Amino acid sequence: MADIVKQILAKPIQLADQVTKASEDVNYNRTECVEIKAKTEKLAGLLRQAARASSDLYERPTRRIIDDTEQVLDKALSLVIKCRANGLRRVFTIIPQAAFRKTSQQLENSIGDVSWLLRVSTPADDRDDEYLGLPPIAANEPILCLIWEQIAILCSGSVEERTDSAASLVSLARDNDRYGKLIIEEGGIAPLLKLAKEGRMEGQENAARAIGLLGRDPESVEQIVNAGVCSVFAKILKEGHMKVQVVVAWAISELAVNHPKCQDHFVQNNTIRLLVRHLAFETIQEHSKYAIVSKQGMSIHTMIMANSNPITGNNAGQRTEDDHDKHFNSQIARPMSTEPSQMHNVVTNTLALKTHSNSNHNAPNQTTNHAKTDPHQTNLKPNHHHHHHHHSNQVLAGGSIKGRELEDPATKAQMKAMAARALWHLCAGNVSICKSITESRALLCFAVLLEKGADEVQYNSSMALMEIAAVAEQNAELRRSAFKPTSPACKAVVDQFLKIIEKANSDLLIPCVRAIGNLARTFRATETRMIPPLVRLLEDKEPEIMREVVIALTKFAETDNFLHVFHSKAIIDSGGARHLIQLVYFGEQMVQPLALILLGYIALHVPDNEALAQAEVLIVIEWASKQGHFMQDRLIDTLLTDAKQKLELYQSRGSRGYH
């Protein structure tokens with residue numbers, strides 16, 4: 001850095017010396033040249049001072065200011081050389097006085113710019129407390145110089161000054177996307193990461209918040225990731241203060257949602273495991289013994305299922321829904337009752353098995369140190385309390401479980417909310433991350449939080465589960481491993497989905513409906529309990545909700561689902577045909593074609609059903625076949641043609657009086 005700055009300064013220093021020397025031997029306009037010489041000598045002194053302090057100079061404004069200064073000195077040299085002309089050349093050389101005034105003013109501006117550069121780059125201990133102001137170069141773009149000043153303070157200021165500068169960058173990044181890009185372009189990421197790694201709690205919060213706000217587009221996130229944000233954030237999640245960890249988890253979610261390709265970078269730094277550990281703190285009993293098992297160990301689901309009665313061979317496939325419920329209820333009590341909650345019992349049984357396994361196999365490494373903090377930032381605003389006034393629990397390192405336990409409940413809830421939010425965006429569309437999450441204790445955590453968490457925690461948990469289910473829908477291996485029908489963790493999650501769907505008045509309704517639809521291929525033929533509550537949502541609900549319900553039911557009834565016949569019958573038995581007919585005739589535009597597709601699948605798969613005959617579905621399909629806006633869709637065209645042929649084999653319009 002120092003060598004680069006010295007190279008930048010070499011030429012303008014040489015130009016300044018040439019201007020000074022040329023000003024001593026002029027033939028006319030001596031007064032003006034003397035003034036130029038004086039200002040050039042002052043500027044040269046400042047440039048030499050800058051060269052001596054090159055290691056402290058902030059490179060970005062140095063380049064801009066020195067480039068402008070070099071141009072000014074070049075023009076000044078040309079002007080002074082003209083004043084040395086004599087004889088005939090002097091007769092034909094006309095130099096207006098305005099040129100001297102302009103050059104003198106430009107030299108004055110350069111003096112102001114270099115003086116500002118030296119002041120802003122001076123370490124805090126050596127700098128006076130005077131206001132730095134804005135240099136003349138800021139006349140056209142004052143925000144740029146404000147950003148320079150704040151970044152320079154981040155590089156060389158005191159702890160308090162760096163904290164305040166990070167807060168200023170937060171305000172700039174929040175106000176305007178362009179300001180955020182300028183902060184990145186002017187080299188603001190590196191000092192922000194340094195502050196996040198080494199600063200006090202408030203400074204770390206401000207730095208993490210600024211980084212989250214700066215990652216608003218893929219290009220910006222790429223630069224932030226390349227600067228090393230993943231390792232810094234992972235270290236904070238492992239050892240930092242709770243309130244800082246809250247902001248870090250939020251920032252991770254922002255970076256992931258704006259550039260999904262950064263997901264794998266966070267995985268490489270163990271971020272998923274750290275976030276799950278935060279999610280599990282005080283969510284699952286005996287969390288400190290509940291380690292995420294390595295590839296050589298058992299998964300959480302394996303341990304849970306090993307604690308239940310083994311099911312092997314053909315008997316597993318012959319197990320009925322009643323048998324499964326009886327088996328599961330023996331392990332899990334009903335939630336919200338006077339007995340322990342179902343999640344509590346699942347975890348208790350699992351941990352008992354794990355303890356037994358550890359004692360048998362002499363595997364002390366199974367129990368890992370869950371040294372983690374649960375920081376809190378309710379509105380993600382800067383904390384203006386002085387660090388030395390914090391209570392002892394806030395000073396405890398993030399690795400102290402006692403430190404986490406002493407945090408206030410609001411902070412703990414916010415930590416869970418942000419951890420769930422980060423996992424939600426990190427797992428979106430990523431099979432390996434979803435597999436890592438489902439192999440940990442996260443499914444159990446999400447199930448507990450859906451039942452008992454605060455509103456924001458519940459919402460973020462439901463969105464995370466929805467994303468995992470969406471990936472599982474497209475990946476058979478993940479679907480089989482994470483959402484086995486015999487898995488108590490999976491069943492606990494589905495139970496919470498169904499409770500939310502049955503209440504039908506929650507902000508969680510749409511993500512839960514989508515998740516159930518995504519898991520449609522995981523349910524057995526006898527497990528139809530999710531169909532009736534979905535069908536009930538087709539009556540007098542908002543169009544957005546009915547649209548999602550129809551899409552979810554279609555995943556149960558479509559031909560690609562091996563159990564489509566069973567599910568189609570369940571939809572009919574729940575009164576689905578009547579609701580779908582109403583939607584086809586009178587539904588909103590966003591719902592009509594989807595309802596028609598679902599009705600077509602049902603008619604195609606169970607054309608001999610008496611309920612379809614009573615509901616006169618054949619008439620509906622014939623009517624829809626004549627509507628041009630429906631038949632433009634190739635799927636609808638093919639589906640209605642096949643369904644009509646099947647229905648005509650079993651149903652007759654004439655026998656019911658239609659002509």
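The structure presented is a predicted model; accordingly, all values stated were derived computationally and were not measured.

### Overview of the overall build of the protein chain
So, point 1. Across its full length, the protein chain carries 37 helices and zero strands.
So, point 2. Relative to its 659 residues, the protein chain shows a buried fraction of 54%.
So, point 3. A total accessible area of about 29,800 Å² is found for the protein chain, and carbon and sulfur atoms account for 49% of it.

### Quick look at the environment of Ala-515
So, point 1. Turning to its location among the elements, Ala-515 is positioned in helix H28 (residues 509-518).
So, point 2. For Ala-515, a relative accessible area of 0% corresponds to the buried category.
So, point 3. The residues contacting Ala-515, other than those within four sequence positions of it, are Met-466, Ala-469 and Phe-497.

### Description of the packing of helix H13 (residues 242-258) against helix H22 (residues 409-427)
So, point 1. For the pair H13 and H22, the least separation of the axes is 8 Å and the interaxial angle reads 20°. Regarding the angle of H13 to H22, the classification is roughly parallel. Relative to H22, H13 is oriented so that their crossing is left-handed. On the side of H13, the interface is formed by Met-242, Lys-243, Gln-245, Val-246, Ala-249, Trp-250, Ile-252, Ser-253, Glu-254, Ala-256 and Val-257, while H22 contributes Thr-411, Gln-414, Met-415, Met-418, Ala-419, Arg-421, Ala-422, His-425 and Leu-426.
So, point 2. By residue class, the composition of the contact of H13 with H22 is twelve nonpolar, five polar and three charged.

### Some words on the packing of aromatic side chains
So, point 1. Under the counting rule described, the total for this entry stands at six aromatic pairs.
So, point 2. Measuring from ring centre to ring centre gives 5.9 Å for Tyr-585 and Phe-586, while their planes differ by 50°; the resulting arrangement is tilted.
So, point 3. Looking at Tyr-585, the relative accessible area reads 30%, which means it is partly exposed.
So, point 4. Between Tyr-585 and Trp-623, the aromatic rings sit 5.0 Å apart at their centres with planes inclined by 65°, giving edge-to-face as the arrangement. One end of the pair, Tyr-585, is in helix H32 (residues 576-586); the other, Trp-623, is in helix H35 (residues 617-625), and 38 residues separate them in sequence.
So, point 5. A relative accessible area of 29% places Trp-623 in the partly exposed class.

### As for the confidence of the model for the protein chain
Interpretation of this model should avoid reading the predicted coordinates in detail wherever pLDDT is low.
So, point 1. In the predicted model, the protein chain carries a mean pLDDT of 80, and 77% of its residues have values of at least 70.
So, point 2. Here residues 346-398 is a poorly scored stretch, pLDDT under 50, and it has 146 contacts once near neighbours within four places are set aside; other chains count.
So, point 3. Segment residues 654-659 is flagged for pLDDT under 50; beyond a separation of four residues in sequence, or across chains, it makes seven contacts in the model.

### Things to note about the packing of H22 against helix H25 (residues 455-474)
In helix packing, the relevant descriptors are the interaxial angle and the interaxial distance, both defined with respect to the helix axes.
So, point 1. H25 packs onto H22 with a crossing angle of 20° between their chain directions and a minimal axis gap of 8 Å. Taken together, the axis directions place H22 and H25 in an arrangement best described as roughly parallel. Considering the relative orientation of H22 and H25, their crossing is left-handed. Of the residues in H25, those in contact with Ala-413, Gln-414, Lys-416, Ala-417, Met-418, Ala-420, Arg-421, Trp-424 and Cys-427 of H22 are Glu-456, Val-457, Tyr-459, Asn-460, Ser-461, Met-463, Ala-464, Glu-467, Ile-468 and Val-471.
So, point 2. Partitioned by chemical class, the residues of the contact of H22 with H25 number twelve nonpolar, three polar and four charged.

### What about the pattern of salt bridges?
So, point 1. Scanning all chains against the criterion turns up 23 salt bridges.
So, point 2. Close ionic contact of Glu-24 with Lys-37 constitutes a salt bridge, the shortest N to O distance being 3.3 Å. Highlighted residues: Glu-24 in the loop between helix H1 (2-23) and helix H2 (30-52) and Lys-37 in helix H2, separated in sequence by 13 residues.
So, point 3. Of the residues examined, Lys-37 reaches a relative accessible area of 22% and is grouped as partly exposed.

### Focus on the environment of Asn-206
So, point 1. Tracing the backbone shows Asn-206 in helix H10 (residues 201-214).
So, point 2. Assessed through its relative accessible area of 1%, Asn-206 is described here as buried.
So, point 3. A polar side-chain atom of Asn-206 sits 3.2 Å from the main-chain carbonyl oxygen of Thr-163.

### With respect to the nonpolar core
So, point 1. Counting residues in each nonpolar core, the largest one holds 194 residues, and the members touching the most others are Phe-233, Phe-446 and Ile-516.
So, point 2. If sequence neighbours within four positions are ignored, Phe-446 has contacts with Leu-279, Ala-420, Leu-423, Ile-437, Ser-461, Ala-464, Leu-465 and Ile-468.

### Here's the deal with helix H15 (residues 271-280)
So, point 1. The buried fraction of H15 amounts to nine of the ten residues, a majority that puts the element mostly inside the structure.
So, point 2. Of all the positions in H15, only Thr-271, Ile-272, Leu-274, Leu-275, Val-276, Arg-277, His-278, Leu-279 and Ala-280 are classed as buried.
So, point 3. Contacts made by the buried residues of H15 are with helix H12 (229-239), H13, helix H14 (263-268), H22, helix H23 (431-439) and helix H24 (442-452).
So, point 4. Residue Glu-282 follows H15 closely and has a positive phi angle near 60°.

Here is what the cut-offs are and how they apply
- Residues numbered from 1 in each chain as written.
- Predicted model: local features only at pLDDT ≥ 70, side-chain atom pairs only at ≥ 80, totals over all residues.
- Heavy atoms only, no water.
- Helix = DSSP H or I, 4+ residues; strand = E, 2+ residues; numbered from the N terminus.
- Buried < 20%, exposed > 50% of the residue type's maximum accessible area, 1.4 Å probe, protein only.
- Areas by Shrake-Rupley, 256 points an atom, 1.4 Å probe, with all protein chains shown as cover.
- Contact = heavy atoms within 4.5 Å.
- Axes fitted to C-alpha atoms, helices over the stretch in contact; angles between N-to-C directions.
- Parallel < 35°, antiparallel > 145°, perpendicular 65-115°, else oblique.
- Left-handed = near helix turned anticlockwise from the far one by under 90°.
- Nonpolar A, V, L, I, M, F, W, Y, C, P; charged D, E, K, R; others polar.
- Phe/Tyr/Trp six-rings, centres within 6.5 Å; stacked < 30°, edge-to-face > 60°.
- pLDDT = per-residue confidence, 0-100.
- Salt bridge = Lys/Arg side-chain N within 4 Å of Asp/Glu carboxyl O.
- Polar contact = N/O pair within 3.5 Å; in protein donor to acceptor, adjacent residues only side chain to side chain.
- Core = buried A, V, L, I, M, F, W, Y, C linked by side-chain atoms within 4.5 Å.

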